[in-house]
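As a plain string of letters, each chain reads:
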Amino acid sequence: SATASDFQAVSGGKLLQVLSVDTDAQQSTTSNTYADTALTLAITPASSSNKILVICNVNMIVKLSGDTSCGIRTLREDVEIQRTSNCNSGSTADRRVGSASWCSLDAPSTTSEITYKVQIANENNGVGTSYMNYSARAAASQLTLMEISG
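Overview of the structure. (Residues numbered from 1 in each chain as written. Predicted model: local features only at pLDDT ≥ 70, side-chain atom pairs only at ≥ 80, totals over all residues. Heavy atoms only, no water.)

## What about the overall build of the protein?
Scanning the protein from N- to C-terminus turns up 1 helix and 10 strands. Going from the N terminus to the C terminus, the protein shows its helices and strands as α-β-β-β-β-β-β-β-β-β-β. For the protein, buried positions account for 41% of its 150 residues. Restricting to contacts in the protein with at least 6 residues of sequence separation, those with at least 24 account for 82%. Accessible surface for the protein amounts to roughly 7400 Å². Of this, 46% is attributable to carbon and sulfur atoms. (Helix = DSSP H or I, 4+ residues; strand = E, 2+ residues; numbered from the N terminus. Buried < 20%, exposed > 50% of the residue type's maximum accessible area, 1.4 Å probe, protein only. Contact = heavy atoms within 4.5 Å. Areas by Shrake-Rupley, 256 points an atom, 1.4 Å probe, with all protein chains shown as cover.)

## Comments concerning the packing of aromatic side chains
Within this structure, the stated rule accounts for 0 aromatic pairs. The side chain of R73 reaches across the aromatic face of Y34, ending 4.4 Å from its centre. (Phe/Tyr/Trp six-rings, centres within 6.5 Å; stacked < 30°, edge-to-face > 60°. Lys NZ or Arg CZ within 6 Å of the ring centre and 35° of its normal.)

## Comments concerning the sheet that holds strand β8 (residues 114-123)
Pairing is antiparallel in the open sheet, where 4 strands are placed in the order β3-β8-β5-β6. In the strand order of this sheet, the two ends are held by β3 (35-43) and β6 (79-84), each with one partner. Ignoring strand direction, the axes of neighbouring strands in this sheet form an average angle of 20 degrees. The pairing of strand β5 (residues 69-76) with β8 spans 8 bridges and is antiparallel. The residue of β8 that forms the bridge with S69 is E123. (Pairing = 2+ DSSP bridges. Axes fitted to C-alpha atoms, helices over the stretch in contact; angles between N-to-C directions.)

## A short note on the nonpolar core
Core analysis: the biggest nonpolar cluster contains 19 residues, and V58, I72, Y116, V118, L143 and L145 have the highest contact counts within it. Elements represented by at least two residues in this core include exactly β3, β4 (51-64), β5, β7 (95-106), β8 and β10 (141-148). When residues of this core are assigned to their parent elements, the largest contribution, 5 residues, is made by β4. (Core = buried A, V, L, I, M, F, W, Y, C linked by side-chain atoms within 4.5 Å.)

## A word on unusual backbone geometry
Glycine aside, residues mostly have negative phi, and peptide bonds are mostly found in the trans state. Notably, E77 is not glycine yet its phi reads approximately 55 degrees, a positive angle. Structurally, E77 can be placed in the loop between β5 and β6. A relative accessible area of 36% means that E77 is categorised as partly exposed.

## As for the side chain of N59
Residue position: N59 is located in strand β4. Judged by its relative accessible area of 9%, N59 is buried. Here A140 takes part through its backbone oxygen, which lies 2.8 Å from a polar atom of the side chain of N59. (Polar contact = N/O pair within 3.5 Å; in protein donor to acceptor, adjacent residues only side chain to side chain.)

## Examining the pattern of salt bridges
Counted according to the given criterion, the structure contains 3 salt bridges. The partner of K117 in a salt bridge is D36, with the nearest N and O atoms 3.4 Å apart. Remark: D36 occurs in strand β3 and K117 occurs in strand β8; sequence separation between them is 81 residues. Its relative accessible area of 17% is what places K117 among the buried residues. Of the residues examined, D36 reaches a relative accessible area of 44% and is grouped as partly exposed. When the shortest N-O distance is used, the salt bridge between E80 and R73 registers 3.2 Å. Owing to a relative accessible area of 34%, E80 belongs among the partly exposed residues under this scheme. (Salt bridge = Lys/Arg side-chain N within 4 Å of Asp/Glu carboxyl O.)

Everything listed here is a matter of coordinates, which is why it stays silent on function.
And the structure:
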């Protein structure tokens, strides 16, 4: 059986830092070009071999009028690391999605400060309006970064 000293000898996989930001501010777009949201965080990894666990939860995704859908993506600087498309498409009727959540394990290979951010777009030629945090009664949307030793 394992002893405490067996676990102390394990290298890698240790949680080094956790950063989080949340917002309940309503954001909307009519453009099919991805735009920044308030979910933006900078982190400086302690080692270039460390990984960053990116956890995102976006609440009250809504599209109003027009045959469109809301696209949401996470970027490390200018590199897309996760994308969720067609969150609410299929007709011209208003559609609502309670929330969308995802996580990605990223390997930025740097010790320089890097910025992660969530962007939204109104897909399908930008007809209608897409929203994040549509209702003031919705839980806040959140972006969390966890540095894990390599």
